[in-house]
Number of protein chains: 2
Amino acid sequence: MKTTEIREFHTPTSGIFFRAKRRVLSEKTAFQKMEVYETTSHGRVLLLDGLVQTTEKDEFFYHEMLVHPAMMAHPRPRDILIIGGGDGGALREVLRYRIRSAVLVEIDARVIEVCRRLFPGLTSSFGDERVEIVVDDGNRFIRQTDRRFDVILVDSSDPVGPSAVLHQRDFYAALKKCLRPGGIIAAQAGAPLFHLEHLRKKRIFLKKLFSFALYYLGPVPTYPGGLWCYAFLSDRVDPRKRLRKKVPKKLKYYNSDVHHGAFALPEFMRDRRRR
Amino acid sequence: MKTTEIREFHTPTSGIFFRAKRRVLSEKTAFQKMEVYETTSHGRVLLLDGLVQTTEKDEFFYHEMLVHPAMMAHPRPRDILIIGGGDGGALREVLRYRIRSAVLVEIDARVIEVCRRLFPGLTSSFGDERVEIVVDDGNRFIRQTDRRFDVILVDSSDPVGPSAVLHQRDFYAALKKCLRPGGIIAAQAGAPLFHLEHLRKKRIFLKKLFSFALYYLGPVPTYPGGLWCYAFLSDRVDPRKRLRKKVPKKLKYYNSDVHHGAFALPEFMRDRRRR
């Protein structure tokens, strides 16, 4: 059988490749092109509109770093909202804590359906009784709901493309209204090596919206540049202070040392403006 | 003109690619195959035996993290030894400090010659009067010299391949004899995602040889997995303590926050054995 090669360009002339053993699925949903490949190197790989979203081998880097810094910094996270995250990975990490409820708002029902079938390691938490799945546009949901949350996780795709709105000022201003006092937002923010100017501009409005608006970093080997940026947003909680809770067991990447190390930004990302 | 594609396999079925504008050089030296390509995405790229060693765009990640943790942790680094490092990048970083001498021992004179010609941003320090270039096998040099150094940097290639000897116990035992009291060794140690078992074994003998034997991490986008591991070795200096000196200006990655964050190891790299 001919092997298929998956390629993702990170610049117009460079990127990563995987040789797939087979294509498991390829379809056009109402929102995007979705493909799943079986690979030797990375297990199953999910692509949306041609971009690698998740691989079975390295998804833990991303999901642990999106979820645990906020969950560990909050003294008592009870009600959680996830915007996006239809692959289930962020939800799995959230349910490692004794929470009361988790609402996941994913725009594309097919992502959920396909991941439940093809990524069982990611979607095991969808059946948990504390979980509510809402198929809706996250940006619309947050403007209509009167529910309030302790931790909100924005598990969107990249700032360039269909998720662009989830990276803009208006979205974060509306999201802030969904937080309880003392609440925390953590959001996927993009690739420092490729979206640096975007990250600089975003930091300016985030710092106006939140008392603590900090970027933090972690590796994701299959994402562009291998280094990923997240935003931690809160009016009350400084994530660089001592953490209050025991770290969940069986994590592969995150621990409290990693937590504090992640907020140390390289020179090329330093904020030169004083607050 | 047809573009050439450079590929580096990180597993038998996956890796990275660059489309090169042109091949600038390709030759067999006495020790290895050396190639230089001109790319749009990463500037000039140096390959040895088919593996990416240096790209103009992202070499600063590697060279800053190999050099500055040791140089900043040492209270007064005067005499420096670099094993390997024929591309000049580590030397450039060393010369940001007020040192007395730097000896660079590179086995392959052609690497030095070619980099001086094709990578001027890396090799600007070769002409400095404090620098002595020795073309020799680093493993032989350290066993024959009676010189002693404050900081020794091992800028070798990977633990699998021609540099394998530079990753073994005997080499580090011999290297230790070249340190002055209070001296520090920093060594490139490999890819946590691909050489984890090797790193585990190496840590066992390094901890027997040195009071402080610590791994630390930093991103290198074009190296396998995008995340790189270095070893910090000393009998007297704990790099997690307060640093003594002002950080050199104009660095792109390293700063004192990054220094401390780099020693926070992820769960999958944690040392479970107590010392």
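In the block above lies the structure referred to throughout.
Here is what the cut-offs are and how they apply
- Residues numbered from 1 in each chain as written.
- Chains lettered and ligands numbered in written order.
- Predicted model: local features only at pLDDT ≥ 70, side-chain atom pairs only at ≥ 80, totals over all residues.
- Heavy atoms only, no water.
- Helix = DSSP H or I, 4+ residues; strand = E, 2+ residues; numbered from the N terminus.
- Contact = heavy atoms within 4.5 Å.
- Phe/Tyr/Trp six-rings, centres within 6.5 Å; stacked < 30°, edge-to-face > 60°.
- Buried < 20%, exposed > 50% of the residue type's maximum accessible area, 1.4 Å probe, protein only.
- Salt bridge = Lys/Arg side-chain N within 4 Å of Asp/Glu carboxyl O.
- Least-squares fit on C-alpha atoms with pLDDT ≥ 70 in both.
- Buried area = accessible area lost by both parts, 1.4 Å probe.
- Polar contact = N/O pair within 3.5 Å; in protein donor to acceptor, adjacent residues only side chain to side chain.
- Nonpolar A, V, L, I, M, F, W, Y, C, P; charged D, E, K, R; others polar.
- Pairing = 2+ DSSP bridges.
- 1 Å grid on protein atoms, 1.4 Å probe; cavity = no way out; pocket = protein on both sides within 12 Å on 5 of 7 lines; lining within 4 Å.
- Points joined across faces, edges and corners; volume = space filled by probe spheres on them.
- Domains from an automatic or database assignment.

> Outline the environment of Gly226(A), listing residues and values.
On the secondary structure map, Gly226(A) appears in the loop between strand E11 (212–219) and strand E12 (227–234). Discounting residues that sit within four places of it in the chain, Gly226(A) has contacts with Gly218(A), Pro219(A), Val220(A) and Pro221(A).

> Mind laying out the packing of aromatic side chains, listing which residues take part and the relevant values?
In total, this model carries 26 aromatic pairs over all chains according to the counting rule given. Between Phe61(A) and Phe268(B), the ring centres sit 5.9 Å apart and the planes meet at 85°, which makes this aromatic pair edge-to-face. A residue pair is termed interchain when its members come from two chains, as with Phe61(A) in helix H1 (residues 59–73) and Phe268(B) in the segment after helix H8 (256–262). A relative accessible area of 1% means that Phe61(A) is categorised as buried. Using a relative accessible area of 15% as the deciding quantity, one classes Phe268(B) as buried. Both rings, one in Phe232(B) and one in Phe263(B), keep their centres 6.0 Å apart while their planes meet at 80°; by these two values the pair is edge-to-face. Of this pair, Phe232(B) sits in strand E12 (residues 227–234) while Phe263(B) sits in the segment after H8, and the two are 31 residues apart along the sequence.

> Please provide a residue-by-residue account of the pattern of salt bridges, values included.
Side chains that carry opposite charge are capable of pairing whenever their charged atoms lie near each other. Residues and elements named next belong to chain A. Per the stated rule, a full pass over the model turns up 47 salt bridges over all chains. Among the salt bridges present, the one from Arg-92 reaches Glu-59, with a minimum N-O distance of 2.8 Å. In this pair, Arg-92 is assigned in helix H2 (residues 89–94) and Glu-59 in helix H1, connecting sequence segments 33 residues apart. The exposure class assigned to Arg-92 is buried, which follows from its relative accessible area of 14%. Taking relative accessible area as the criterion, Glu-59 reaches 9% and is therefore assigned buried. When the shortest N-O distance is used, the salt bridge between Asp-235 and Lys-176 registers 2.8 Å. In this pair, Asp-235 sits in the loop between E12 and helix H8 (256–262) while Lys-176 sits in helix H6 (residues 169–176), placing the two residues 59 residues apart along the sequence.

> Outline the relation of the copies chain A and chain B, listing residues and values.
One copy of the chain maps onto the second through a rotation around an axis plus a translation along that axis. Overlaying chain A with chain B gives an RMSD of 0.0 Å, the required rotation being 180° about an axis along which the chain moves by 0.0 Å. Taken together, the turn and the small shift mark the pair as related by a two-fold rotation axis. When each C-alpha of chain A is compared by its distance to the rotation axis, Gly261(A) comes out closest, at 1.8 Å. Both copies share a contact surface, since 100% of the interface residues of chain A are interface residues in chain B too.

> Describe in detail the interface of chain A and chain B, supporting the description with residues and values.
Contacts between the two partners involve 39 residues from chain A and, on the opposite side, 39 residues from chain B. With both sides pooled, the region where chain A packs onto chain B buries about 3000 Å², and carbon together with sulfur makes up 60% of that total. Its salt-bridge partner being Glu5(A), residue Arg7(B) comes within 2.4 Å of it at the nearest N-O pair. Inspection of the chain A/chain B interface yields 18 residue pairs in polar contact (both at pLDDT 80 or more). Sorting elements by how many residues they give to the side of chain A that touches chain B places strand E2 (residues 14–28) of chain A first, with six residues. Considering only residue class, the side of chain A that touches chain B consists of 20 nonpolar, 10 polar and nine charged. In terms of strand pairing, E2(A) meets strand E2 (residues 14–28) of chain B through five bridges, oriented antiparallel. The partner of Phe17(A) across the bridge, within E2(B), is Gly15(B).

> Before we move on, could you go through helix H3 (residues 109–118) of chain A and cite the residues and values that matter?
Residues and elements named next belong to chain A. Among all positions in H3, only Val-111, Ile-112, Val-114, Cys-115 and Leu-118 are buried. The secondary structure elements touched by the buried residues of H3 are E2, strand E3 (33–39), strand E4 (43–48), strand E7 (101–106), helix H4 (120–123) and strand E8 (131–135). Taking the backbone nitrogen of Arg-110 as reference, a side-chain oxygen 3.1 Å away marks Asp-108 as the first, capping residue of H3.

> Could you give me a rundown of the layout of surface pockets, with the residues and numbers involved?
All names here are of chain A. Of the voids in this model, the largest pocket is the one considered here, and its volume is about 750 Å³. Gln-32, Leu-48, Ser-156, Ser-157 and Ser-163 are, among the 39 residues lining the largest pocket, the residues nearest its centre. Its residues assigned to classes, the lining of the largest pocket shows 17 nonpolar, 14 polar and eight charged. Of the residues that make up the lining of the largest pocket, three or more belong to each of domain 1 (4–55) and domain 2 (59–269).

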